[in-house]
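Structure assessment
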Amino acid sequence: MSISKPRGTNDILPEDSLKWQYIEDVTRDVCVRYNYEEIRTPIFENTNLFRRGIGEATDIVEKEMYTFNDKGGRSVTLRPEGTASVVRAFLEHKIYGQAQPTKYFYYGPMFRYERPQSGRYRQFHQMGVEVLGTDSPAIDAEVISLGLHILTELGLSDLEVHLNSVGCPECREKYREKLRNYFEDDLEELCSDCQSRYDRNPLRILDCKNKGCQEYTVDSPEIIDSLCKECANHFEEVQSYLSSLDIDYIIDSNLVRGLDYYTKTAFEIMYTGLGAQDTIFGGGRYDGLAEEIGDRDIPGIGFAMGMERIILALEEQNIDLPLTTDLDLFITTIGQRAQETAFEYLYQLRRAGFKVEMDYLDRSVKGQMKCADRTNAQYSIILGDNELEKRTATIRNMETGEEIEIKLDNLVEEMNELIV
Ligand code: ATP
Ligand code: MG
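Because the structure is a prediction, the values reported are computed rather than measured.

Turning our eyes to something else, we now look at the sheet that holds strand S15 (residues 392-397). Here five strands make up an open sheet; going across it, the order is S13-S12-S14-S15-S16 and the pairing mixed. Of all strands in the sheet, those bounded by a partner on one side alone are strand S13 (356-358) and strand S16 (403-407). Each adjacent strand pair in this sheet contributes to an overall mean axis angle of 25°, direction not counted. In this sheet, strand S14 (residues 379-383) lies alongside strand S12 (residues 329-333) in parallel orientation, the contact comprising five bridges. Bridge pairing in S14 places Thr333 opposite Leu383.

On to the domain arrangement of the protein chain. When cut into domains, the protein chain gives domain 1 (14-168 + 228-316) and domain 2 (329-418). When each unit is reduced to the centre of its C-alpha atoms, the spacing between domain 1 and domain 2 is 49 Å.

The subject of this paragraph is the site of ligand 1. Lining the immediate environment of ligand 1, one finds 15 residues, of which Arg112, Glu114, Arg120, Tyr121 and Gln126 sit closest. Arg112 is positioned with one of its side-chain polar atoms (N or O) 2.9 Å from an oxygen atom of ligand 1. Contact distances for ligand 1 include 2.6 Å between a nitrogen atom and a side-chain N or O atom of Glu114. Considered on its own, ligand 1 offers 590 Å² of accessible surface; in the complex 85% of this is hidden by protein. Secondary structure elements with two or more residues in the shell around ligand 1: strand S6 (123-132), strand S10 (279-285) and strand S11 (300-306). Ranked by residues supplied to the shell around ligand 1, first place goes to S10 with three residues. A per-class count over the shell around ligand 1 returns five nonpolar, four polar and six charged.

A separate point is a nonpolar patch on the surface. A contiguous nonpolar surface patch, about 370 Å² in accessible area, is contributed by Phe343, Tyr360 and Leu361. Positionally, Phe343 belongs in helix H12 (residues 336-351). Among the residues examined, Phe343 registers a relative accessible area of 51% and is labelled exposed.

Our focus in this paragraph is the packing of aromatic side chains. Taken as a whole, this structure holds six aromatic pairs when the rule is applied. Ring centres 5.7 Å apart and planes at 75° place the aromatic pair Tyr66 and Tyr113 in the edge-to-face group. Taken together, the residues Tyr66 in strand S3 (residues 66-69) and Tyr113 in the loop between strand S5 (102-111) and S6 connect sequence positions 47 residues apart. What makes Tyr66 partly exposed here is its relative accessible area of 26%. According to the relative accessible area criterion, Tyr113 is partly exposed, its value standing at 45%. The interplanar angle of 55° and the centroid separation of 5.6 Å between the aromatic rings of Tyr261 and Tyr262 together place this pair among those described as tilted. One exposure class covers both Tyr261 and Tyr262, and it is buried. The residue whose ring lies beneath Arg122 is Tyr113, and the NZ or CZ to ring-centre distance is 3.9 Å.

It is worth spelling out the side chain of Thr217 at this point. Within the fold, Thr217 resides in helix H8 (residues 211-217). Of the residues examined, Thr217 reaches a relative accessible area of 3% and is grouped as buried. Polar side-chain contacts of Thr217 include one of 3.2 Å to the side chain of Asn254. When neighbours within four sequence positions are excluded, Thr217 is seen to be in contact with Phe183, Ile205, Leu206 and Asn254.

The rules behind the values
Residues numbered from 1 in each chain as written. Chains lettered and ligands numbered in written order. Predicted model: local features only at pLDDT ≥ 70, side-chain atom pairs only at ≥ 80, totals over all residues. Heavy atoms only, no water. Pairing = 2+ DSSP bridges. Helix = DSSP H or I, 4+ residues; strand = E, 2+ residues; numbered from the N terminus. Axes fitted to C-alpha atoms, helices over the stretch in contact; angles between N-to-C directions. Domains from an automatic or database assignment. Near = heavy atom within 4 Å. Polar contact = N/O pair within 3.5 Å; in protein donor to acceptor, adjacent residues only side chain to side chain. Areas by Shrake-Rupley, 256 points an atom, 1.4 Å probe, with all protein chains shown as cover. Nonpolar A, V, L, I, M, F, W, Y, C, P; charged D, E, K, R; others polar. Patch = residues over 30% accessible without salt bridge, like charges linked within 9 Å, V, L, I, M, F, W, Y side chains within 5 Å. Salt bridge = Lys/Arg side-chain N within 4 Å of Asp/Glu carboxyl O. Buried < 20%, exposed > 50% of the residue type's maximum accessible area, 1.4 Å probe, protein only. Phe/Tyr/Trp six-rings, centres within 6.5 Å; stacked < 30°, edge-to-face > 60°. Lys NZ or Arg CZ within 6 Å of the ring centre and 35° of its normal. Contact = heavy atoms within 4.5 Å.

Here is the structure:
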C-alpha cells in the first residue's frame, strides 16, 4: 500500500475499539457519579488561546503544537490539551453567572508534535476533568480521588499518587530566587534547555527529563519550604482530605508546573511498570488561568489522563476487560426465499433490540454454521423451504445444544423469552 497513516498516529481497529469503548463507558459512569457533566469543545482553536493558556515557556507551546494558517489567514492550532478550551468555553458562555462550582469532564483526541515512542504519539486521546469556581481543598482531593477511582474501577493497581504544591505567584517568586542561587554554580553542567530555563523559569529545571540535570536537582531547595501561610494551609487540607479517603500519596517536590497561573496543588498518577512514559495522568490547580484567558478571577483545577497509557497499563497488568461481541442469534438460510424472509426477520429482531446476523455470501449451510460459531452466536436458527411452509423452526442453543420448536411468526417473542 502506498499511503500509510501519519507518523505518531494509530488506527484503532474493532478489537481494540471495544477496549476503548469500555474504558470510555467506565470513565463516563464514574464522572457522572461525582456529578461531573460532559463538555465538548472544538479540536482546533485560535493559536493564541494555547499560547496564553498553556504558556510560551512550555514544551508544548515551544515545540509541540500543530499550528497552521487557515484559508482566511488565521493562525489556528490543533488542540494539544483540553484545559484551555474548557476554560475558554466557560468564560465565553458566561457559565460563571450560574451557581458554582462547575464540574466538567471531557474526552477526545489531542495533538502534539513529539518524537513517537511507546506511550507517546502525535495524536493521542485524553479524558480529563475541570472544576471551576471553587478553590476548596476538598475539590482538589475529589478530583484526585475521581481519577484514581476510574483507574481502580478498570482493575489497575500499583498506582502511585505524587503530590506537591507550587504555591501562588508570591510563594513562587521567593522560590525562584532560591533555585537560581542554588543552580548558579552548576549552571554550566546543565543542559542547554535548562540554561535558558534558569533565567526564564528555573522551576522547569526540576522537571527536566535529562538524567544529568536530574542529578543536580536531588538536593535542590523544596518549594514547600517557600509556601506562604495560605498556600501551606491549603496543602495541609488537601492532604488531610486525601487521608480521610485512605488515599496514599508521595510528596514529590520536583513535581512542578512552572507557569504563573498554576497554583497550589499539583499531582500525577504514575504506574512505574510503564517505563519511561510512566505518568497516566497529571493535573493541578490553575487559579490564575481564567484571568490570563479572559480577565476573570476564577479558580480552577483539573487533570488529564492519557487513554493510550491506560491501555498500556492494562496490558502490562494483564487485565482482561469484560468485553462481549457475541451475537444473540445467527440465522442460517437455505435458498433464495429463506434468505429474503430472514432479511425481514433480522430487521424486526434488531428493532426489538437483538444483535443478529445472517450470511450475505451464499455460503453452504456448513459454511453458515461456521459463521454462527465464529461470531459466538448464543442461538442459531435454520430457515429453509420446509420451515417456511410449516411456519415453524428450531432454535438451537449453541452452547448447550438444546433445541426448541417455535412458531416462526413468534420469533421476536420467543427471543424475548430466551434472552433477558
Ligand atoms: P510527559 O511528561 O509524558 O510529556 P506531559 O506533562 O506533557 O507528559 P500532560 O500535558 O500533563 O503531559 O498530559 C496528561 C497526560 O496525557 C499524560 O500524563 C499522558 O498520560 C498523556 N499524554 C501526554 N502527551 C502524550 C502523548 N504525546 N502521547 C500519549 N499520551 C500523552
Ligand atoms: Mg509532554
